[in-house]
Amino acid sequence: MPFNLKFISGESWILSLLLFSTAFILFILLAHYLKNNYVVNFDQSVLTWFHTIRHPYLDHFFSTITWMGSLWILLPLYLLLALTLTPHIEHFEKILGITFWGTLITVYALKFEFERKRPLFFGAIHELPLDPSFPSAHTAQITAFALGLTLALAGTQTLYQGVISSLLLLLVLAVSASRMYLQVHFPTDVVAGMLIAFMWAVITGWIVKTGVLG
């Protein structure tokens, strides 16, 4: 199997299990203490800081970059990459698909389970989305897409693999920040979205390493 998934190799499966368990526990704690005063104060403090740095240029930048976490962008991009790269990279569509769709389904199921209202501290820069706030779907989607793509390319020895991974990381951070800057998500929503995507990436890695995909 040509995949270079070091974090789930036979020698480090304990580490991957530890990472998954840590992410899972953090998510459970986060979900349990959403209404805790310390968590509420943390959310408000971070959103207050983003409010203090408001600027027309930043409004435009974050209003644009946030679309990179939207399904309107990611779904066509997913289909394009699946059609063009699947014939050349083993299991490409399955690796990206498991990570992306697993995250997507989980996030929306949890949204309507928790029914958390959107932040109302300062008012959103644009209209508030109609769906619940926790977890952040934009953050989870772009994180899952980035991690899934990184996993799929892990064993290809692509010349620009490091550059691609770095750009994907910057994109994840930018989209995540945009959700808070635009005042449409609490910081804890954003963290929760990242944790869910990370857990699905580890699950995908296990599936690939065990040879379930064939």
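The rules we used
Residues numbered from 1 in each chain as written. Predicted model: local features only at pLDDT ≥ 70, side-chain atom pairs only at ≥ 80, totals over all residues. Heavy atoms only, no water. Helix = DSSP H or I, 4+ residues; strand = E, 2+ residues; numbered from the N terminus. Axes fitted to C-alpha atoms, helices over the stretch in contact; angles between N-to-C directions. Parallel < 35°, antiparallel > 145°, perpendicular 65-115°, else oblique. Left-handed = near helix turned anticlockwise from the far one by under 90°. Contact = heavy atoms within 4.5 Å. Nonpolar A, V, L, I, M, F, W, Y, C, P; charged D, E, K, R; others polar. Polar contact = N/O pair within 3.5 Å; in protein donor to acceptor, adjacent residues only side chain to side chain. Expected span 1.5 Å × (residues − 1). Buried < 20%, exposed > 50% of the residue type's maximum accessible area, 1.4 Å probe, protein only. Arc of directions from axis to C-beta. 1 Å grid on protein atoms, 1.4 Å probe; cavity = no way out; pocket = protein on both sides within 12 Å on 5 of 7 lines; lining within 4 Å. Points joined across faces, edges and corners; volume = space filled by probe spheres on them. pLDDT = per-residue confidence, 0-100. Salt bridge = Lys/Arg side-chain N within 4 Å of Asp/Glu carboxyl O. Core = buried A, V, L, I, M, F, W, Y, C linked by side-chain atoms within 4.5 Å.

**Quick word on unusual backbone geometry**
For step 1, the next point in the chain: Residue proline 135 follows phenylalanine 134 across a cis peptide bond; omega there is -5°.
For step 2, the next point in the chain: For proline 135, the location among the structural elements is in the loop between helix H5 (92–114) and helix H6 (137–152).

**What about the packing of H6 against helix H8 (residues 187–209)?**
For step 1, the next point in the chain: Between H6 and H8, whose axes approach to 8 Å, the crossing angle comes to 25°. The angle between H6 and H8 places the two elements in the roughly parallel class. As H6 packs across H8, the resulting crossing turns out to be right-handed. Of the residues in H8, those in contact with Thr139, Ala140, Thr143, Ala144, Leu147 and Leu151 of H6 are Val190, Gly193, Met194, Ala197, Phe198, Ala201, Thr204 and Gly205.
For step 2, the next point in the chain: Taken together, the residues of the contact of H6 with H8 sort by class into nine nonpolar, five polar and no charged.

**So, the side chain of arginine 118**
For step 1, the next point in the chain: Relative to the elements of secondary structure, arginine 118 occurs in the loop between H5 and H6.
For step 2, the next point in the chain: There is a polar contact of 2.7 Å between the side chain of arginine 118 and the side chain of aspartate 131.
For step 3, the next point in the chain: Apart from the residues lying within four places of it in its own chain, the contact partners of arginine 118 are Lys111, Leu128, Pro129, Asp131, Pro132, Ser133, Arg179, Val184, His185 and Phe186.

**A few points about the side chain of serine 176**
For step 1, the next point in the chain: Within the element layout of this structure, serine 176 appears in helix H7 (residues 161–181).
For step 2, the next point in the chain: Not counting residues within four places of it along the chain, the set of residues in contact with serine 176 comprises Thr139, Val190 and Met194.

**Considerations on helix H1 (residues 13–32)**
For step 1, the next point in the chain: Between its terminal C-alpha atoms H1 stretches 28 Å, which fits the 28 Å expected from 20 residues at 1.5 Å a residue.
For step 2, the next point in the chain: Within the sequence span of H1, burial applies to Ser16, Phe20, Ala23, Phe27, Leu30 and Ala31. Relative to the axis of H1, the buried residues are bounded by an arc of 100° and lie together on one face. Among the exposed residues of H1, those pointing more than 90 degrees away from its buried face are Ile14, Leu18 and His32.

**Here we look at the environment of isoleucine 65**
For step 1, the next point in the chain: Along the polypeptide, isoleucine 65 turns up in helix H3 (residues 56–65).
For step 2, the next point in the chain: Placed 114 residues apart in sequence, isoleucine 65 and arginine 179 show a C-alpha to C-alpha distance of 9.8 Å.
For step 3, the next point in the chain: What isoleucine 65 contacts, discounting residues up to four positions off in sequence, is Leu171, Ala174, Val175 and Ser178.

**Considering the layout of surface pockets**
For step 1, the next point in the chain: Size it by volume and the second largest pocket reaches roughly 470 Å³.
For step 2, the next point in the chain: Mapped onto the lining of the second largest pocket, the elements with two or more residues apiece are helix H4 (71–85), H5 and H6.
For step 3, the next point in the chain: At three residues, H6 tops the list of elements feeding residues into the lining of the second largest pocket.
For step 4, the next point in the chain: Here the lining of the second largest pocket is composed, by residue class, of nine nonpolar, seven polar and five charged.

**Let's talk about the confidence of the model for the chain**
For step 1, the next point in the chain: Taken as a whole, the chain shows an average pLDDT of 90; of its residues, 91% reach a score of 70 or greater.
For step 2, the next point in the chain: Within the chain, the element-level pLDDT minimum falls on H1, averaging 92, and the maximum on H3, averaging 97.
For step 3, the next point in the chain: This stretch, residues 1–10, has a pLDDT under 50; its non-local contacts, to residues over four places away or in other chains, come to 30 contacts.

**Topic: the pattern of salt bridges**
For step 1, the next point in the chain: Applying the stated criterion to the full structure yields five salt bridges.
For step 2, the next point in the chain: Across the salt bridge formed by aspartate 131 and lysine 111, the nearest N and O atoms sit 3.1 Å from each other. One end of the pair, aspartate 131, is in the loop between H5 and H6; the other, lysine 111, is in helix H5, and 20 residues separate them in sequence. Lysine 111 shares its class with aspartate 131; the two are buried.

**Comments concerning the nonpolar core**
For step 1, the next point in the chain: Within the largest apolar cluster, 33 residues are counted, with the highest numbers of intra-cluster contacts made by Phe62, Phe92, Leu96, Ile142, Phe145 and Leu149.
For step 2, the next point in the chain: Elements that contribute at least two residues to this core include exactly helix H2 (37–52), H3, H4, H5, H6, H7 and H8.
For step 3, the next point in the chain: The element best represented in this core is H7, accounting for eight residues.
For step 4, the next point in the chain: In this structure, Ala31, Phe134, Met199 and Val202 belong to the second largest nonpolar core, which totals 16 residues.

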